[in-house]
Amino acid sequence: MKVLAISLMAVSSVWASYYQDTYPAVHPCPGYNMGSVSDLPNGFTAALTLAGKPCNIYGNDINDLVLTVTVETNNKVNVLIEDKDKKQYQIPQEIVTVNKNSKLNSFDSLKITYANHPTAGFGFKIMRGDEAIFDTMGKPIVFEDQYLELTSVLPKNANIYGMGESPDDLRRDPDDTIKTLWARDAANPFKENTYGAHSVYMENRAGKFHGAYLHNSHGMDIVLRNQTIQYRVLGGVLDMHFFGGPSAYDVINSYTDFVGRPLPIPAAVLGFQNCRYGYKSIDEVDQVIANYSAAGIPLEYMWIDIDYMDRTRDFTFDPVNFPIEKVQNTLKNLHAKKQKMVMMVDPAIQRNSTYGPYVRGVEMDAFVKNADGSIYVGQVWPGYTAFPDWFAPNAEAYWHNEMDLFYKQIDLDGLWIDMNEAASFCTGSCGTGISDDVVPKFPWTIDPPPKHRPISTNNTFLVPKYAIHNPQDEISDKGLETIAVHANGVIDYHVHNLYGHMMARNTRKFLDNLRPNVRPFLLGRSTFAGSGSYVSHWNGDNNSDWKNLHVSISSMLDFGIFGIPFVGSDICGFFSNTTEQLCTRWIEVGAFYPFSRVHNAKDSSPQELYRWENVAESARRALKVRYALLSYYYTLHSFSSVNGAPVARPLIFEFPADTNVLDNYHQFMIGEAILISPVIYENATTVDAYIPEEVWYDWYDHSSIVGEGKNVTLNAPLHHVNVHIKGGNVVPTQEPKMSVEDTLAGNYTLIVALDCEDKAKGTLYLDDGVTYNTTHSIINFTSDGKTLAASGSYNYGDCNYVSKVIVLGLNDFCDNVYSDPDNSNKLVIDNLSLPLDGPWTINLF
């Protein structure tokens, strides 16, 4: 390993005050000097020593560090900087299981160069060829007990994606972005931190992608300003991982190979789903189910929020409004019609000596504690509550027992875990010392509102000296207190962002044990790196307005980067009253979310899709397209569990060299073949859609257009959503039915959309859609414009056939840019019986 001496002048950063940032304009910290290098089999290690007087800017500088660099042949470099004594908290492998022995093939080759800068100390560059994709030279590293800082220079107008969870434009503002990673129960405020914590980002430079991920569970700000990206972290270590690309999918492949692949989904979850917080009884739920059927709108899953619970207590049923016998009967009737049911469970357990789940949790020592050893008591829906401590030795056994008792009452088809940041309505252990029979009022119902407790600035674990941009009085607000103690002796300050991930992991393990060979459906709110291996996600409590409709697209696309591709937002919005027009347009977008579900709040007007005829008509039309594409969606999800590739994709992923789509998130792709160009503005009846330089075919009438890499005005009357097929693709479709099972049981129509070279290809993945160990077939379709061939691996005994082939683009029109509204370029071959259990070739003429 060679050391490249690099000398760069240190550059001071003057931070803008947009976020009222208290970061000092002149950096006082000296950085670290690197000692001699010791080679390792695939890297090196060296000592780092504080290069000058401690600055103690937001904590106590740690004098002696250890640098370990690992360079892998599969385009990945790991730079780990940790304290020599290893007192700083690091994420245990058993909590987030990272893959340290990747078997991926090589993509872009990365290497590292490094040197001691004369004034800023040790710095390094991650190189892709002659280009530095991450460069800390001249930017001193800060490593304190409660504050870490790492800064890299960026090109002007850098194209950065990822970092969150935070509703935002897809391309992060390179001149004024602060992404705060602190899991928070927050109703989707624009650009603020919400439920999850994902520190991975991707950058597009001149059409080539690379990425970086900081493996750290502490609260942090990631700041984009002054042509730099800067990590400001409240503790732990600097464990940086770099991924080289060159495609966006190469980066996500490497990232999910490291933190965990997305889980394989049951095929049924691709169907449309309905929920509402506020159903008054199981009779009302039954009526909703019947009304969807009467309206001709497919309903695959019916969800029930906490309304079913007895006094909102986990694992109970309201004996008057949701008696267990009636709920069981509803589930039975759903199953008879090939429909399914999901219910919610929260982590908060009512603190009451007569409530079984609490009594058993106390007996098993399974709850989070205060510093004095007493049980930590916050406040959630049922009143004062205790919280399972996922670090406790008995927590898994405790939770699995409660889940088992619950499932013996109701054999659900899916489970929903909410409020798992963990959310709490008060700050601190507010129920300690208060009688069991006291049920407090919700803070927002008290007039005047309760005063916040005095801020304890003397305790830097309650109020760190560096204030991450979490918009609360304290970082403990709306969640577990940061000085609450877990069973391993670690306070919540260090592991706050892991709570939802650990709950998902624990719950997923129960579901896998419950039905060992059946893929469970588990949806969760708070996520972390690697959570996609256990849980799917929805984007939380959005608002019923046009802005939230628009932002729902970028939020969906963000989670494709985060390794959780089965994702969606509440269609028509959660809070406030939707309008008929908004809901009409929202289902035209939401029908194409990977996870497609309408859901709204208790105090909002009902918004089931059948309640307005315009909404119902748009739902029928848009969902007809979705259900025709179910096998295409399922194929994408199946490969996602192998390589991490997102299902919903921004145009920049598919057209990385096209600078016109760097910040396009009003359109999106499903896979590489389907372009969705929806209406997202009120009263609009056209869409200003960007059409990349490819040939495209309208989904409905198959007319063609050759994109010129510019915006085109597309007609979009109220019930119409523009869907186009990209030339060069073979898309498997089926006749849409009222259930996923019936749709997937039908024969196939292959849409062969030729590109300008008269070529097309596509893939169909087949298995039983239910079990883990199912056999499967991977069928590759190829066409040269004259023939259509099927080949691949045939292990799944599908009795369906390809009964029809539609070939688009037969005429040589690509040299002349024009539309073909007369469909003269289409050929339909019907009455076929082409099997899916072996190869074949047919002539198209």
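Rules and cut-offs
Residues numbered from 1 in each chain as written. Predicted model: local features only at pLDDT ≥ 70, side-chain atom pairs only at ≥ 80, totals over all residues. Heavy atoms only, no water. Core = buried A, V, L, I, M, F, W, Y, C linked by side-chain atoms within 4.5 Å. Buried < 20%, exposed > 50% of the residue type's maximum accessible area, 1.4 Å probe, protein only. Helix = DSSP H or I, 4+ residues; strand = E, 2+ residues; numbered from the N terminus. Contact = heavy atoms within 4.5 Å. UniProt positions renumbered as here; feature names shortened; annotations may be inferred. 1 Å grid on protein atoms, 1.4 Å probe; cavity = no way out; pocket = protein on both sides within 12 Å on 5 of 7 lines; lining within 4 Å. Points joined across faces, edges and corners; volume = space filled by probe spheres on them. Nonpolar A, V, L, I, M, F, W, Y, C, P; charged D, E, K, R; others polar. Salt bridge = Lys/Arg side-chain N within 4 Å of Asp/Glu carboxyl O. Polar contact = N/O pair within 3.5 Å; in protein donor to acceptor, adjacent residues only side chain to side chain. Axes fitted to C-alpha atoms, helices over the stretch in contact; angles between N-to-C directions. Parallel < 35°, antiparallel > 145°, perpendicular 65-115°, else oblique. Left-handed = near helix turned anticlockwise from the far one by under 90°.

Quick look at the nonpolar core
Line of reasoning, step 1. One finds Tyr-231, Phe-406 and Leu-609 to be the most contacted residues of the largest nonpolar core, which totals 257 residues.
Line of reasoning, step 2. Ranked by residue count, the leading element in this core is helix 10 (residues 613-628), at 8 residues.
Line of reasoning, step 3. Once residues lying within four places of it in the same chain are set aside, the contact partners of Leu-609 are Phe-272, Tyr-292, Ile-297, Cys-572, Cys-583, Ile-587, Val-598, Val-615, Ala-616 and Ala-619.
Line of reasoning, step 4. Formed by 13 residues, the second largest nonpolar core is a distinct cluster that contains Val-142, Trp-182, Leu-234 and Ile-468.

Focus: the UniProt feature "domain: Glycoside hydrolase family 31 N-terminal" (unreviewed entry) in the protein chain
Line of reasoning, step 1. Those residues carrying the UniProt feature "domain: Glycoside hydrolase family 31 N-terminal" (unreviewed entry) are residues 89-220 in this numbering.
Line of reasoning, step 2. Taken end to end, residues 89-220 is 0% helix and 45% strand, and its first and last C-alpha atoms sit 14 Å apart.

Examining empty space enclosed by the protein
Line of reasoning, step 1. Throughout the structure, instances matching the rule amount to 8 cavities of 30 Å³ or more.
Line of reasoning, step 2. There is about 60 Å³ of room inside the largest cavity.
Line of reasoning, step 3. Taken together, Glu-165, Ser-166, Pro-167, Asn-188, Thr-194, Asn-539, Ser-555, Asp-558, Phe-559 and Phe-562 make up the lining of the largest cavity.
Line of reasoning, step 4. Here the lining of the largest cavity is composed, by residue class, of 3 nonpolar, 5 polar and 2 charged.

Observations concerning the environment of Met-556
Line of reasoning, step 1. Within the fold, Met-556 resides in helix 8 (residues 546-561).
Line of reasoning, step 2. The class for Met-556 is buried, based on a relative accessible area of 1%.
Line of reasoning, step 3. In sequence terms Met-556 and Glu-682 are 126 residues apart; their C-alpha atoms lie 21 Å from each other.

Some thoughts on the pattern of salt bridges
Line of reasoning, step 1. Counted by the stated rule, this structure contains 41 salt bridges.
Line of reasoning, step 2. With its nearest N and O atoms 3.1 Å apart, the salt bridge here joins Asp-436 to Arg-351. Remark: Arg-351 occurs in the loop between strand 21 (349-350) and helix 4 (356-363) and Asp-436 occurs in the loop between strand 24 (414-417) and helix 6 (492-495); sequence separation between them is 85 residues.
Line of reasoning, step 3. For Arg-360, the salt bridge is made with Glu-402, and the minimal N-O distance between the two is 2.7 Å. With Arg-360 in helix 4 and Glu-402 in helix 5 (residues 395-409), this pair connects stretches of sequence that are 42 residues apart.
Line of reasoning, step 4. Put simply, Asp-108, Arg-128, Glu-131, Glu-203 and Arg-205 are held in one network by salt bridges that share partners.

A word on the side chain of Ser-199
Line of reasoning, step 1. Following the sequence through the fold, Ser-199 ends up in strand 13 (residues 198-205).
Line of reasoning, step 2. Ser-199 gets classed as buried once you look at its relative accessible area, which sits at 4%.
Line of reasoning, step 3. A polar side-chain atom of Ser-199 sits 2.6 Å from the main-chain carbonyl oxygen of Leu-214.
Line of reasoning, step 4. With residues up to four places along the chain from it excluded, the contact list for Ser-199 reads Leu-181, Ala-212, Tyr-213, Leu-214, Met-220, Ile-222 and Tyr-231.

Details of the side chain of Thr-228
Line of reasoning, step 1. Its place among the elements puts Thr-228 in strand 16 (residues 228-233).
Line of reasoning, step 2. For Thr-228, a relative accessible area of 2% gives the class buried.
Line of reasoning, step 3. Within the structure, Thr-228 has its side chain in polar contact with the backbone oxygen of Arg-225 (distance 2.7 Å).

With respect to the layout of surface pockets
Line of reasoning, step 1. Estimates place the volume of the second largest pocket at around 740 Å³.
Line of reasoning, step 2. Forming the walls of the second largest pocket are 39 residues, and the residues nearest its centre are Ala-267, Ala-268, Asp-768, Gly-769 and Val-770.
Line of reasoning, step 3. Counting only elements with at least two residues in the lining of the second largest pocket, the list comes to helix 7 (499-514), helix 11 (630-643), helix 13 (740-744) and strand 40 (760-766).
Line of reasoning, step 4. Looking at the lining of the second largest pocket element by element, the count peaks at 3 residues for helix 13.

A closer look at the packing of helix 5 against helix 7
Line of reasoning, step 1. Where helix 5 meets helix 7, the axes come as close as 10 Å, and the angle between the chain directions of the two elements is 55 degrees. Taken as axis vectors, helix 5 and helix 7 run oblique relative to one another. The two elements helix 5 and helix 7 meet at a crossing, and its hand is right-handed. Across from Ala-395, Glu-396, Trp-399, His-400, Met-403, Asp-404 and Tyr-407 in helix 5, the residues of helix 7 making contact are Met-503, Asn-506, Thr-507, Lys-509, Phe-510, Leu-511, Asn-513 and Leu-514.
Line of reasoning, step 2. Each residue belonging to the contact of helix 5 with helix 7 can be placed in one class, and the counts come to 8 nonpolar, 4 polar and 3 charged.

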